[in-house]
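The primary structure of each chain is shown beneath.
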Amino acid sequence: MANSLESGDVSPVDLAHNHAAPDLLTTETIAAIATAPGAGGIGVVRVSGPLVSQIARQVLGYCPAPRHAAYLPFYQADGSLIDRGIAIYFPNPHSYTGEDVLELQAHGGTALMQILLARCIESGARHAVAGEFTQRAYLNDKLDLAQAEAVADLINASTAEAARSAVRSLSGEFSQAIQALLQQLIDLRMYVEACLDFPEEDIDFISQGRVREKLKANQQTLLTIYQRAKQGALLREGLNVVLVGQPNVGKSSLLNALSGEDVAIVTPIAGTTRDTIKSMIQIEGVPLHIIDTAGLRETEDVVEKVGIARTWKAIETAQVALLMVDSQHGIGPYENSILQQLPDQIEKIWVHNKIDVSRETSRIEKREKEIHLFLSAKTGNGIAELQKTLLEIVGYQPGNEGVFMARARHLQALQQVEQHLEQATKQMHAAELIAEELRCAQEALASITGEFTPDDLLGEIFSRFCIGK
């Protein structure tokens, strides 16, 4: 793992790499199918651990030369042929996991992959759990935690922009930015703690060391990292958008217009949509999870009541609500009552639909900090403006090539760092309080790359990986 914090370099405030504690390391050999489920032209079984060379001799007859692709037969224990394919042996530490690794590439039939995996298990390996290969890479300092998470993000990327951002994080750009700021915090903390050794000296060490200026510079660097990470979080998580309004205002038509296909039934009959309908689209590389909901109204229909209850549940998890109204009728008391029931944290856009009927032009108006967008879901007039507004309202900037793939925990850690640095700027009268805030900021920042990470969090992170990665 790339790390500027070598032992002894930052005494007396050096960081402990608790993730590499001996009790977390294992001597077991693991195996799993590393390719996606289902039939394919090629399938890969991956094996990692101390018994790799032994398993290679049992399955292949001998252990291939390191890092050379060898075309070999794969054998059962009784000598019968399983298949012929490519075998590659990576001795430690020059492998993905940092352990001995064997990759067996065979024809990608579902049954064949299971037979080949069973042969490796029979020869001394055990089934790998989700994310175990990447977790071993992390534990063996081949990747830091942010890079390890980027592996899963790259696999799960749903847009090209998300994939590019994940590659940047996997290559270490995010970690390098974090480590550079971390070293600045450590250097400043060392200076402040050194000042505590001279309490009787008639010297203003805080002013002399330009501590306030350095804190401000660190805050600016942190802001830049946070903005890039926040963009990446949008690329990774996407945006949850819920369509809200009375029946027959055109919610399903808008869903179809945004999706580019007929994913929702559109009829003039009120109450047609009885349940939430989800569709995933992308705008400028950002995944949007659009949820069409049952129209909000008073009803005695039992099924429709269930749909309305699910509508409110969908609203609770959304980041943006599109409040739809018929442009011919505008916003009335009922629409305002819906607005009052929406969570405060959710972003809101009023969408005045059916301008093709009211003969209005598509436009955007701002009324007392409210956004009102006039469009026609039927003709598509104004849809492009809505897409642009959705990105603007959540602060996404298309074309930003420096975006890091980031997760919610990364953003939370960066926010904690900002809070501690802000508190430090308010403690210029007390060096010991500045030092404590810097220590807390240091720990929060180090948690991103894994220097300070509880074992239970590691388990949660890697359990979300696919088997074989």
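Right above here is the structure, for reference.
Let me begin by describing the structure that accompanies this report. (Residues numbered from 1 in each chain as written. Predicted model: local features only at pLDDT ≥ 70, side-chain atom pairs only at ≥ 80, totals over all residues. Heavy atoms only, no water.)

Regarding the overall build of the chain
For the chain, the count of helices and strands is 16 helices and 13 strands. Among the 469 residues that make up the chain, the fraction classed as buried is 50%. In the form shown here, the chain has an accessible surface area of approximately 22000 Å², with 51% of it arising from carbon and sulfur atoms. (Helix = DSSP H or I, 4+ residues; strand = E, 2+ residues; numbered from the N terminus. Buried < 20%, exposed > 50% of the residue type's maximum accessible area, 1.4 Å probe, protein only. Areas by Shrake-Rupley, 256 points an atom, 1.4 Å probe, with all protein chains shown as cover.)

Brief notes about the sheet that holds strand β4 (residues 81-90)
The mixed open sheet is built from six strands, whose spatial order is β3-β4-β5-β2-β1-β6. The sheet is open, and its two borders are formed by β3 (70-75) and β6 (126-127), each paired with just one other strand. Across four bridges, strand β1 (residues 30-33) lies against strand β2 (residues 40-48) in antiparallel orientation. Among the inter-strand pairings, I30 is bridged to a residue of β2, identified as S48. Helix-sheet contacts for helix α2 (residues 110-122) involve β1, β2, β3, β4, β5 (101-108) and β6, and the interaxial angle to β5 is about 155°. Along the sheet face, helix α3 (residues 132-139) touches β1, β2 and β6 and points at about 135° away from the line of β1. (Pairing = 2+ DSSP bridges. Contact = heavy atoms within 4.5 Å. Axes fitted to C-alpha atoms, helices over the stretch in contact; angles between N-to-C directions.)

Let's talk about the packing of helix α9 (residues 251-259) against helix α13 (residues 383-393)
Two numbers describe how α9 lies on α13: the axes approach to 11 Å, and their chain directions differ by 80°. Taken as axis vectors, α9 and α13 run roughly perpendicular relative to one another. Listed contacts from α13 to L254, A257 and L258 of α9 are I383, L386 and Q387. Of the residues assigned to the contact of α9 with α13, the class counts are five nonpolar, one polar and no charged. (Parallel < 35°, antiparallel > 145°, perpendicular 65-115°, else oblique. Nonpolar A, V, L, I, M, F, W, Y, C, P; charged D, E, K, R; others polar.)

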